[in-house]
Amino acid sequence: MVKSEILFLKQEDVIKAGLLDMKQVLAACEKTYQLFGKGEIINHPKVSTKIPDEENWTSFFNSMPAYIGGDVKVGGIKWACESKKNAETPGIPYGIDIAILSDPDTVLPFCIMDATLITAMRTAAVAGLFAKYTAPKNAKVATLVGAGVIGRTAIMAVSETVPTLETIYLCDLEISKAEGLKKEFEGVCKATIIPSTDTQGCAKKSELIITQTTTSKPFITPDCVNKGATVIQMAAHEVEHDVIRHADQVFVDYWEQMIRHMDLDVAQLHHAGEIQFEDVVELSALTLGKHPGRKSADETLYCASMGLGALDIMIGYSMYLNAKKMGLGVTLHQWDNPLWE
């Protein structure tokens, strides 16, 4: 009889398995985009269910299925959820995610794991990969906007992919958040972290600008982006459209998914007829060496990321393999004897 064993990994197990190792996460993300660029991954655009409706949502559920082929061969889905109520409720994350991994031959699920921190790590890792290929050579000054969970992991990511950074301006409307992360990374991050509430002022002094906020109004304007700088946007509404229009090159992580979500700036410009697929470069082309990324020091570049469900499955599968070796988790069974097989 085929076993219906499912390894359940709580968040603490996933952490013990190595999730907070940004180098490992970056490697998994880079491999994901390489396989995606080779056509070895099936990754349907995420489906979002917003409650009570698209315009006035207070919570949402995202379904993110994927199949990873190549030398990995695993199917899975991430169920990614967020609630505005949670932002005001102590003891519960704003976003709560879970991942299920399945055998592509039998379709049996073999692992269920907390994916909340996987989301946080891979979101910043994608920004880190964009920075690796598009940031100015030997960049020394960066501005990170948003000192929440992704702000924390963004510091981890750019510290790995842009090791020349000497100064990181960490901007947030709540200066205490930025100050808290500064203390957290003292002695860990080589760059000096400077908390600030002056986003535009810091951006004007920077070669690399990364945004990771929940804003509903743009705050990055063309006049605060220096010639030769790179802007990496990880959310929506953060940059004025002229920042994208004036960029010498535009990079996206996954075009077909991005243009389906009208809250994203690239999607808005596309549906207005201002930008087409031929006008952008996907991240997979960078990771495969099909495109050089930054071509000259005076180019001003814009990057937009939305994330792939395949990233979560790739990282989750890596953590599963680590957890198995370490004897972590609890074994569950979907059934003892399946009825009506």
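The structure this text deals with has already been given above.
From a predicted model like this one, the values you see are computed outputs, not experimental measurements.

A. Region of the structure containing the side chain of Gln 249. With respect to the helices and strands, the residue Gln 249 is situated in strand S13 (residues 249–252). In terms of polar contacts, Gln 249 uses its side chain to reach the side chain of His 291, at 3.2 Å. Polar side-chain contacts of Gln 249 include one of 3.0 Å to the side chain of Glu 299. The contacts of Gln 249, once residues within four sequence positions are left out, are Val 281, His 291, Gly 293, Arg 294, Lys 295, Glu 299, Thr 300, Leu 301 and Tyr 302.

B. Region of interest: unusual backbone geometry. Between Ile 51 and the following residue, Pro 52, the backbone shows a cis peptide bond with an omega angle of 5°. You will see that Lys 73, though not glycine, has its phi angle at about 60°, which is positive. Inspection of the secondary structure assignment puts Lys 73 in the loop between strand S4 (59–68) and strand S5 (74–83). One non-glycine residue with positive phi stands out, namely Val 107, at about 60°.

C. View of the nonpolar core. Ile 68, Leu 101, Met 113 and Leu 208 are the most contacted members of the largest nonpolar core, which totals 77 residues. Residue contributions to this core peak at ten residues, all from helix H3 (residues 116–134). Setting aside residues no more than four positions away along its own chain, Ile 68 makes contact with Leu 35, Glu 40, Ile 41, Lys 73, Val 74, Ala 310, Ile 313 and Met 314. If you look at the next biggest cluster of nonpolar residues, it comprises 32 residues, including Val 141, Ala 203, Val 239 and Met 306.

D. Structural context of the pattern of salt bridges. If you walk through the whole model with that rule in mind, you get ten salt bridges. For Asp 312, the salt bridge goes to Lys 78, with nearest N and O atoms at 3.0 Å. One end of the pair, Asp 312, is in helix H11 (residues 309–326); the other, Lys 78, is in strand S5, and 234 residues separate them in sequence. Judged by its relative accessible area of 1%, Lys 78 falls in the buried class. One salt bridge in this structure joins Arg 122 and Asp 312, with 3.1 Å as the shortest N-O distance. With Arg 122 in helix H3 and Asp 312 in helix H11, this residue pair connects regions lying 190 residues apart in the sequence. For the pair formed by Arg 122 and Asp 312, the shared burial category is buried.

E. Quick look at the packing of aromatic side chains. With the rule as written, the count across this model stands at seven aromatic pairs. Between the aromatic rings of Phe 36 and Tyr 254, the centroid separation amounts to 5.0 Å while the plane-to-plane angle is 80°, which identifies the pairing as edge-to-face. Here Tyr 254 lies in the loop between S13 and helix H8 (255–258) and Phe 36 lies in helix H2 (residues 22–37), a separation of 218 residues in the sequence. Judged on exposure class, the residue Phe 36 and its partner Tyr 254 are both buried. With a centroid separation of 6.1 Å and an interplanar angle of 55°, the aromatic rings of Trp 255 and Phe 277 are classed as tilted. Taken together, the residues span a long stretch of sequence, with Trp 255 in helix H8 and Phe 277 in the loop between helix H9 (265–271) and strand S14 (280–282) at a distance of 22 residues. The class for Trp 255 is buried, based on a relative accessible area of 4%. Through a chain of ring-to-ring contacts, three or more aromatic side chains come together here, namely Phe 110, Tyr 317 and Tyr 320.

F. Representation of helix H5 (residues 175–185). Along H5, the positions that sit buried rather than exposed are Ala 178, Leu 181 and Phe 185. Buried residues of H5 fall within an arc of 60° about the axis and therefore sit on the same side. On the buried face of H5, the contacting elements are helix H4 (149–161), strand S9 (167–171) and strand S10 (192–196). Gly 187 sits one or two positions beyond H5 and adopts a positive phi of about 80°.

Scoring rules and cut-offs
- Residues numbered from 1 in each chain as written.
- Predicted model: local features only at pLDDT ≥ 70, side-chain atom pairs only at ≥ 80, totals over all residues.
- Heavy atoms only, no water.
- Helix = DSSP H or I, 4+ residues; strand = E, 2+ residues; numbered from the N terminus.
- Polar contact = N/O pair within 3.5 Å; in protein donor to acceptor, adjacent residues only side chain to side chain.
- Contact = heavy atoms within 4.5 Å.
- Core = buried A, V, L, I, M, F, W, Y, C linked by side-chain atoms within 4.5 Å.
- Buried < 20%, exposed > 50% of the residue type's maximum accessible area, 1.4 Å probe, protein only.
- Salt bridge = Lys/Arg side-chain N within 4 Å of Asp/Glu carboxyl O.
- Phe/Tyr/Trp six-rings, centres within 6.5 Å; stacked < 30°, edge-to-face > 60°.
- Arc of directions from axis to C-beta.

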